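# A closer look at the structure
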Amino acid sequence: MDRHTGKQIDDELAHIKQSVADILTTQIGTRIQRRDYGSNIPKLIDLPIDRVLILQIASCAVVALNKWEKRLNISQFKPEFTDGKITAKLVGTLANTNKNINYDNLLLGG
């Protein structure tokens, strides 16, 4: 189901992209019946931007996605800081078909 419209999502790639965004922007501990769902990225959003932060965000993303999105195998996750926003580029393959996927401009915060 599309979280903005409530309509059914028929495209698996669109559903995975929505799932990835939800996992990465949900702070661990905020879901009532799934306390370990999400990532630690929301805790990092307001820290000073430097190379260490970029590595921390990438690490948190890959750990969370490996745990919660089994349909996806990640080969690259690259956070970017532009215009006061944190976005990311994700490159990987679908686990069941090995089809390449690329998601640009995944909004993580800002």
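So, here is what we can say about the structure in this document. As the structure is a prediction and not an experimental result, all values here were calculated from the model. (Residues numbered from 1 in each chain as written. Predicted model: local features only at pLDDT ≥ 70, side-chain atom pairs only at ≥ 80, totals over all residues. Heavy atoms only, no water.)

### Examining the overall build of the protein
Where we set the bar: Segments assigned H or I by DSSP are reported as helices when at least four residues long, segments assigned E as strands when at least two residues long, and all are numbered from the N terminus. Radius of gyration means the value over C-alpha atoms here, while the globule rule gives 2.2 Å times the residue count to the 0.38 power. Partly exposed describes any residue whose relative accessible area lies between the buried limit of under 20% and the exposed limit of over 50%, with all areas from a 1.4 Å probe on protein chains only and scaled to the type maximum.
A tally of regular secondary structure across the protein gives three helices and three strands. Helices and strands in the protein line up, N terminus first, as α-α-α-β-β-β. A compact globule built from 110 residues should have a C-alpha radius of gyration of about 13 Å, and the protein, at 14 Å, falls within 12% of that. Overall, the C-alpha framework of the protein stretches about 40 × 35 × 25 Å when taken along its three principal axes. Looking at the 110 residues of the protein, the share that counts as buried comes to 35%.

### Focus on the sheet that holds strand β2 (residues 85-94)
Spelled out, the test is: Strand pairing is assigned whenever DSSP identifies at least 2 bridges connecting the two strands. Interaxial angles span 0 to 180 degrees and are taken between N-to-C directions of axes, which are lines fitted to C-alpha atoms, for helices over the stretch in contact. Contacts are assigned to residue pairs with any non-hydrogen atoms lying within 4.5 Å of each other.
Strand order in the open sheet formed by three strands is β1-β2-β3, and the pairing between neighbours is antiparallel. Looking at the sheet topology across the chains shown, the edges are occupied by β1 (72-82) and β3 (100-109). Neighbouring strand axes in the sheet, compared pairwise and without regard to direction, differ in orientation by 20° on average. Where β2 lies against β3, seven bridges are found, and the strand directions are antiparallel. Each residue of the ladder has a partner; that of V91, found in β3, is N102. Seen against the sheet, helix α1 (residues 12-25) touches β1, β2 and β3 and runs at an angle of roughly 35° to β3. Across the sheet, helix α3 (residues 51-68) touches β1, β2 and β3, and the angle it forms with β1 is around 150°.

### So, the environment of R31
To be explicit about the condition: Under the rule applied, a polar contact is a pair of N or O atoms within 3.5 Å (in protein, one hydrogen donor and one hydrogen acceptor; residues adjacent in sequence only if both atoms are side-chain atoms).
Relative to the assigned elements, R31 resides in the loop between α1 and α2 (41-44). Owing to a relative accessible area of 33%, R31 belongs among the partly exposed residues under this scheme. Sequence separation between R31 and R51 is 20 residues, and the spatial gap between their C-alpha atoms is 30 Å. Once residues within four sequence positions are removed from consideration, R31 is found in contact with D22, T26 and Y37. In terms of polar contacts, R31 uses its side chain to reach the side chain of D22, at 3.1 Å.

### Focus: the packing of aromatic side chains
What counts is decided by this rule: For Phe, Tyr and Trp, rings pair up if their centres lie within 6.5 Å, where Trp contributes its six-membered ring, and each pair is then called stacked (planes under 30 degrees apart), edge-to-face (over 60) or tilted (otherwise).
In total, this model carries one aromatic pair according to the counting rule given. Ring centres 5.1 Å apart and planes at 65° place the aromatic pair Y37 and W68 in the edge-to-face group. With Y37 in the loop between α1 and α2 and W68 in helix α3, the pair connects residues that are 31 residues apart, well separated along the chain. A relative accessible area of 7% places Y37 in the buried class.

### Remarks on α1
Defined as follows: Each helix should span, by expectation, one fewer than its residue count multiplied by 1.5 Å.
When the terminal C-alpha atoms of α1 are compared, their 20 Å separation across 14 residues agrees well with the 20 Å that a helix rising 1.5 Å per residue should span. Its side-chain oxygen 3.3 Å from the backbone nitrogen of L13, D11 forms the N-cap of α1.

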